[in-house]
Structure formats: structure tokens, C-alpha cells
Amino acid sequence: MIMFINHKIYNEQYHTIGATGIGLKISYVNDMLKHFRQKYSFNVYFLNQDGEVVLYEHGMNPLRSLADVPELNFLGDLILSKESRILDYSRAGEEYLLNTKYIPELDLYLVVEAKLSGFTKEVKRTFYFNLLSSLLATLVIAFLILKTIKKHHLNLSYLAQYDDLTNLKNRRVFNEELQHFLLLSQRRHSYLSLLFFDLDDFKKINDKFGHQTGDKVLIRIADILQHNLRQTDIMGRWGGEEFIIALIDTDLDDAKIIAEKLKTDIEKDDVLSQLTDKNVTASFGLTTLNSKDTMDSLLSRADDALYEAKKGGKNRIVSVL
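A brief look at the structure comes next. Each chain has its residues counted from 1, running along the sequence as written. In keeping with the model being predicted, local features are shown solely for residues with a pLDDT of at least 70 and side-chain atom pairs are shown and tallied solely at 80 or more, while totals for entire chains, interfaces and linings include all residues. Each side-chain value is worked out from all heavy atoms of the structure, with water and hydrogens disregarded.

So, on to the pattern of salt bridges. Just to be clear on terms, a salt bridge is a Lys or Arg side-chain nitrogen sitting within 4 Å of an Asp or Glu carboxyl oxygen. Applying the stated rule across the entire model yields 12 salt bridges. Among the ionic pairs, E177 bridges to K169, the shortest N-O distance being 3.9 Å. Among the residues examined, E177 registers a relative accessible area of 27% and is labelled partly exposed. In this structure, K261 and D265 form a salt bridge, with 2.8 Å as the shortest nitrogen-oxygen distance. In this scheme, a residue with accessible area under 20% of its type's maximum is buried, one over 50% is exposed, and one in between is partly exposed, where area comes from a 1.4 Å probe on protein chains only.

With that out of the way, let us pick up the packing of aromatic side chains. A pair of Phe, Tyr and Trp rings is counted when the ring centres sit within 6.5 Å of each other, with Trp represented by its six-membered ring. The angle between the planes then sorts it: under 30 degrees is stacked, over 60 is edge-to-face, the rest tilted. Counted under the stated rule, the structure contains six aromatic pairs. Look at Y89 and Y96: their rings are 5.2 Å apart centre to centre, the planes differ by 15 degrees, and that puts the pair in the stacked class. A ring pair is formed by F197 and F284, whose centres lie 4.9 Å apart and whose planes are at 25 degrees; its orientation type is stacked. Of the two residues, F197 sits in strand β8 (residues 192–199) while F284 sits in strand β11 (residues 282–288), which places them 87 residues apart along the sequence. Judged by its relative accessible area of 0%, F197 is buried. You can call F284 buried: its relative accessible area is 0%. Counting every residue linked through ring pairs, the aromatic cluster contains F174, F196 and W238. Across from the ring centre of Y96, 4.6 Å away, lies the NZ or CZ of R91, which sits over that ring. Helix and strand definitions here come from DSSP, where helices need a minimum of 4 consecutive H or I residues and strands a minimum of 2 consecutive E residues; each element is numbered from the N-terminal end. Throughout this description, the term charge over a ring refers to an Arg CZ or Lys NZ atom that lies within 6 Å of the ring centre and within 35 degrees of the ring normal.

The nonpolar core is taken to be a set of buried Ala, Val, Leu, Ile, Met, Phe, Trp, Tyr and Cys residues, with the residues joined through side-chain atoms within 4.5 Å. In this structure, F197, L199, I221, L225, I245, L262 and I266 are the most contacted members of the largest nonpolar core, which totals 27 residues. For this core, the secondary structure elements donating two or more residues are β8, α6 (202–209), α7 (211–228), β10 (242–248), α8 (252–267) and β11. When residues of this core are assigned to their parent elements, the largest contribution, six residues, is made by α7. When neighbours within four sequence positions are excluded, L199 is seen to be in contact with V217, L218, I221, E241, V280, T281, A282 and K310. L178, L194, F196 and I244 belong to the second-largest nonpolar core, a separate cluster that totals 17 residues. The contact rule is simple, with two residues in contact once any of their heavy atoms fall within 4.5 Å.

Here it is as C-alpha cells:
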């Protein structure tokens, strides 16, 4: 049996973008609890928010809930507390000592219980020492869980922002960043140009050579973009064989020069020609920001320019104001 620990992933605006989790084999937990019982004579178990026992050593803990034992139920509010506590109570003529600790990574309460009958002062000191050791072991486990979750968080966070094939920004993130720079450019009265391009006859490449080759073509296009554009520019895969670039602090004339270079580099790229047995070409739509633009109007104008480039014979650049 496996216990799953879930973890929500948030972006910088604290919006949920996904969830991840890890699985822990219950047998591992059971072995750990057995070790503490045999070595230290502790009864160790985990409670949920309702005081129900959800993890314990198999066959060794008849307790199912704090409510089963009036003495423990009386201490329920103290046991189910975010603060670590050491508590004592009596049951059936026996004295017991409890150490409780909330484990936020598991959202569970750890309870370490020991019977104090016959304990000497020395044994009691040993108990506290061993109790500290058990809690340290729990913290190590929690740390490992947290580290694993953090790794999954980073992976999922990356996948939520980037296209998994080309490693360019995906459409959602590109739009978020474009909106930011659009408002910034309008406030500062600085230039911002938008370049939208589409690979010509890409369907024929997929049909003739297969989608694996088509994917390699898209990856190569992303490499060309990353090697030719500035780090301050925003590059994204819009979808399929469509790519989009926001050129920061770039007027229309400079944007045309960049577009011409990209068009030439794509058409003359040896890797692309070897993959497809011919030159790969692209059509470009280009526009620049004006003071009254919204993101929708800017994108629409670039898309219209791209349509005109396709309609006009492909492998062309069309710019509109």
C-alpha cells in the first residue's frame, strides 16, 4: 500500500497552476515505527485533524481514535495542536507520557507514547533523549519528502510555463509577459514590435517524413530563435508550427531587419534542409505598438499581416502599422 502526499503548485501571482505528489510505501513507515517500538519501547502513531489514527505499526496499536480513550479524548485539543507538547496522563492505573508534534509536510500529528511504570530517573532521562532522536528521524523524513516535492514543484512549474518540445514560452506565459511589456512601453513611450511567423507547408513535412521529423524541425527553429534574438526579447511557441516574438525597445524598421535575418537563417539552415531534403521557409507578419493598442489589437494586427504574407506567396514578410 502507498500513501500519497499531494502538493499544490502556485505561480508568482499565487494562482494554482497544477499539483504534484509523491508516494510513500506504508511498509517503510511500518518498519520505522516497529524500529522505535523494539529499540525504545515507544508506541508511535500519526493522527489526522479529526483525531483518527491514520498511520501506526500494523498489529500493534488497537487505538483507532482519540475518542476511544476518554483520557486521551480529554487531552484532544492539546494533542491536536500545531505546537509541540509533552503531556502525561493516567489510564487503567498506568502512567503514560506523550510527545506530540505537528508535521506540516504530512498534515498529520505525530504522537510518541511511552509507559512510565517502573521507569527510573535514569531511564526517564534516556526516554527524553530517545524521544528527541525519534523526532529528529521524523524531521529527516519530512525533509526528504519536502525536498522531493520541491523537485516536482520546479519540474511542474517549468512545464506550466514552457512548451515541452521547444523549451520556448508557451502561449499563456507569453501573453502574460506581453501584457506587462505592452503597458510598460505605453507608459514610457518606448518601442515594442511584434513578430508572428508560421512555417510554410509544414503539414507536407509531417506527411512525408513523419511527426518525429516535424518535431525536430520545430526544435531547430527554436534553436535559431534563441541564437539570434536578445535575452530581453520574448519568444514563444504560439501553437503547432506558429511562433511569436515580442521585440522590446525595437521600432518597425529595426524589427524588419531582425525578421529578414530570421527568414534568411531559416531558409539557408543546413540542419533544416538535411531533415526535409529541401529548404524550409517561413512567412512573417510584423507590426509595432501604438498608444491606443490593447494586447488583442496588437496580436490581431500581427496575425492579419501573417495572413497577407501567406496569401501573397509565402516566404515573405508583411508589416502593418
